[in-house]
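# Structural characterization, general
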Amino acid sequence: MHKTSPPPQPGTVLKNLYMKPSKLSTTNLAKQLNVTPKTISDVINNRARITLDHNQKLPSLFKNKQKADLLIGCTPLYPPVELFAAMGLQPVVLWNLKSLITNLNEADLYVQSYTCGIARELVQFILSDSGKFLDGIFTYNACDTIRNLPEIIAAGNQKKKRKLPILRMHVPQANRAYTNSNQYIKDQIASLIENIQTAFNLSFSGLQFEQTVSAYQKMRELCVKAERMVAENALSFRAFSNKVLSNSFLPVDEQIQRLNQLITNPAAPQNVLDRRVMISGIMPPPQNVIRSIEESGLRVVANDIAVMGRSYSYSPQITADPQEYYLDFFNNRFPCTTLLYQTDVRLKTFFQMVEKSHVEGVIFSGEKFCEYEYLEFPYIEQKLKDMGIPVLNLEFSVDDSQNVESYITRVHAFSEMLNK
Ligand code: SF4
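Since this is a predicted model, take the numbers as computed values, not measurements.

The subject of this paragraph is the overall build of the protein. When you go through the protein residue by residue, the secondary structure sums to 19 helices and eight strands. When each of the 420 residues of the protein is scored for burial, the buried share is 43%. Considering only residue pairs separated by 6 or more positions, the protein has 74% of its internal contacts joining residues 24 or more positions apart.

Quick look at the structure:
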C-alpha cells in the first residue's frame, strides 16, 4: 500500500493532537485518564504504547490513527464510507468535532461568525494541527455552507504549505420523479474510484467492497436495535447517542464491537420514562441536556437526527458493485434536509414517524444558522401544534455546550407540561 509519509508515532499524535490544542499538562491528562504521570510521559515520548479502554476520554481519532495507514476526512454526512474503507482509506466523518477543538482562531480567518457551528468547527479542525493527521478530504454538494468549504480549505492549506488531496463528487439534487439521474450517479462513483486510485495508489476489489458493505449493514442494524431498546426503556438515549457519536471516528469492525457491548450490557435509564418524545435536528442536544431530558421522565421513542437515525436507518442491498450500491443509497436513503431532492418525501416520513411512535411531544435540537433545518421546521412546528403535539424548540451554537442551564430549565418545564 502506498503511503504519503511514515505514520506519526502514537505519542507524537497524542501530544500534538490532544494535549497541545487542549493545553493539557502531563499531570492533568494523567488525572483525567486515571493513570500515573509517568505512564503519560512514557507514551508521549514513545517509550510505551497506549492501552486505554473506550470509556476513557482520548479522542477516537487519535486511536484510529494508531491503526490506519490513511485517514480520509469526510464532509458532509452520508459520504460513501464503504467505498473508502474497502479501498484502504479509513473514513472519518468530520462531524461532532467540538471535543477536539479549543478555539476557532483558524476558522475565523476564513468563515463568517454567522455560519453554523458544524462548518466553523470543521474548518478549524482541518486547518489546525489536528488536520495534519488526515491524508485527504472528501466532499460533495449538500448544503450551501458545505459547498463553499473545499475552496476555503484548499486556500488555508496552501497558505500553510500543506498538501491535502480533496476528492469530490456531485450528487444530483433534482427531484428523482422528474429527472432520471441514475447514469449520472453511476458515472460519479466510477470517477471517484479512479480518483482514489490516482491520489492514493490504491486499487478496487469487488469482493472487498461486498465484505465492507456487509459490515456497515451489520453496524446499522445494531444501531436500529439499540434505538428500539431506547424506545422500550431498556437503554438510555444518552448512552446510545454517546456511542453513536464517538463511533463516527472508528473503523466499522470496532463500531460493531462497541455497539454489541452496549446492547449486551445496556445502561438502562435510572427511572421509568413515561412521556414519549421524538428528537429532531442535525445533532442530538449536548449530553447534559439529554441527561435532563431523561431525568425529567421523557423517553426518546424516535429520532430524526442527521448523525443518528437519518444516518443508520437505511442500508442498500449488499452487492459487489459500488455503482449499483450508491445508486440505491442516494435514491432511497432516509430523507434529510441537507439533500434537496428529498424535500418532497421528508415531511411525509417525519409525520409517519410521529404517528407510528405515538409521540406526545417533539424536541427540536436546532443548529444555529442552519438554514436547511430552519426553513423546514416552522412548517413542521405549526403542523404538530395543529395535531395537539407540543414542541420544545432548542437552538444550539458553537459555544453553548457549557452554558446549558437555561436549556435544562426549559426541558423540565416541557416535561411538566406534558405531564399535565
Ligand atoms: S446542513 Fe446545516 S448544520 Fe449542516 S453544515 Fe449545512 S448549514 Fe451547517
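With that out of the way, let us pick up the site of the ligand. Near the ligand, the surroundings consist of Pro76, Cys116, Ile118, Ala119, Cys143, Thr145, Ile146, Ile282, Thr338, Glu367, Cys370 and Tyr372. In terms of residue class, the shell around the ligand is built from nine nonpolar, two polar and one charged.

With that settled, the discussion passes to the confidence of the model for the protein. Taken as a whole, the protein shows an average pLDDT of 87; of its residues, 88% reach a score of 70 or greater. Across the protein, helix 11 (residues 206-231) holds the top mean pLDDT of 98, while helix 4 (residues 60-67) sits lowest at 59. Counted against residues more than four places away or in other chains, residues 1-7, with its pLDDT under 50, gives nine contacts. Under a pLDDT of 50 for its full length, residues 51-57 has, in the predicted model, six contacts with residues more than four places off or in other chains.

Another aspect to go through is the nonpolar core. Of all hydrophobic cores here, the largest spans 107 residues; its most connected members are Ile72, Leu122, Val123, Val277 and Met278. Tallying contributions element by element places helix 11 first for this core, with eight residues. Leaving out residues up to four positions away in the same chain, Ile72 has contacts with Phe84, Leu89, Pro91, Val92, Leu134, Asp135, Gly136, Ile137 and Phe138. With five residues, the next largest nonpolar core counts Leu14, Leu29, Val43 and Ile44 among its residues.

In space, the four strands of this open sheet follow the order 6-5-7-8, with parallel pairing throughout. Among the strands making up the open sheet, the edge pair consists of strand 6 (298-305) and strand 8 (391-396). Neighbour to neighbour, the strand axes of the sheet diverge by 20° on average, direction disregarded. Relative to strand 6, strand 5 (residues 275-281) runs parallel, the two being bridged by seven bridges. Bridge assignment links Arg276 to a residue of strand 6, and that residue is Arg299.

Our next topic: the sheet that holds strand 4 (residues 166-169). Pairing in this open sheet of four strands is parallel, and the strands run 2-1-3-4 from one edge to the other. This sheet does not close on itself; its edge strands, each paired only once, are strand 2 (90-93) and strand 4. Looking at each pair of strands side by side, their axes are set apart by 25° on average, direction ignored. When strand 1 (residues 71-75) meets strand 2, the two strands line up parallel, connected through four bridges.

We now examine the packing of helix 14 (residues 287-295) against helix 19 (residues 405-419). It is the contact of helix 14 with helix 19, at a shortest axis distance of 9 Å, that shows an interaxial angle of 20°. The angle between the axes of helix 14 and helix 19 places the two elements in the roughly parallel class. Crossing hand, helix 14 versus helix 19: right-handed. Taking contact as the criterion, the partners of Val289, Ser292 and Ile293 in helix 14 are, on helix 19, Tyr407, Ile408, Val411 and His412. Classifying every residue of the contact of helix 14 with helix 19 gives five nonpolar, two polar and no charged.

Conventions and cut-offs
The written sequence of each chain sets the order in which its residues are numbered from 1. Residue-level local features of this predicted model are given only where pLDDT is at least 70; pairs of side-chain atoms are given and counted only at 80 or more, and the full residue set underlies all totals for whole chains, interfaces and linings. Counting from the N terminus, the helices are DSSP H or I runs at least four residues long and the strands are E runs at least two residues long. Each residue is classified by how many other C-beta atoms fall within 10 Å of its C-beta atom, where C-beta atoms are placed from the backbone; a count of 20 or more means buried, 12 or fewer means exposed, and values in between mean partly exposed. Residues are scored as being in contact if the C-beta atoms we place from backbone atoms lie within 7 Å. Proximity of a residue to a molecule or strand is defined by its backbone-placed C-beta atom lying within 6 Å of that partner. Asp, Glu, Lys and Arg are counted as charged, while Ala, Val, Leu, Ile, Met, Phe, Trp, Tyr, Cys and Pro are counted as nonpolar; the rest, among them Gly, fall into the polar class. The pLDDT value expresses, per residue, how confident the predictor is, ranging between 0 and 100. Think of a nonpolar core as buried Ala, Val, Leu, Ile, Met, Phe, Trp, Tyr and Cys residues chained together by C-beta atoms that fall within 7 Å. Should DSSP find at least two bridges between two strands, the strands are taken to pair. As a rule, the C-alpha atoms of each element are fitted with a line to give its axis, helices using only the stretch in contact, and angles between N-to-C directions run from 0 to 180 degrees. Any angle that falls under 35 degrees is termed roughly parallel, while one over 145 is termed roughly antiparallel, one within 65 to 115 roughly perpendicular, and all others oblique. In this scheme the crossing of two helices becomes right-handed for a clockwise turn of the near helix relative to the far one and left-handed for an anticlockwise turn of less than a right angle.

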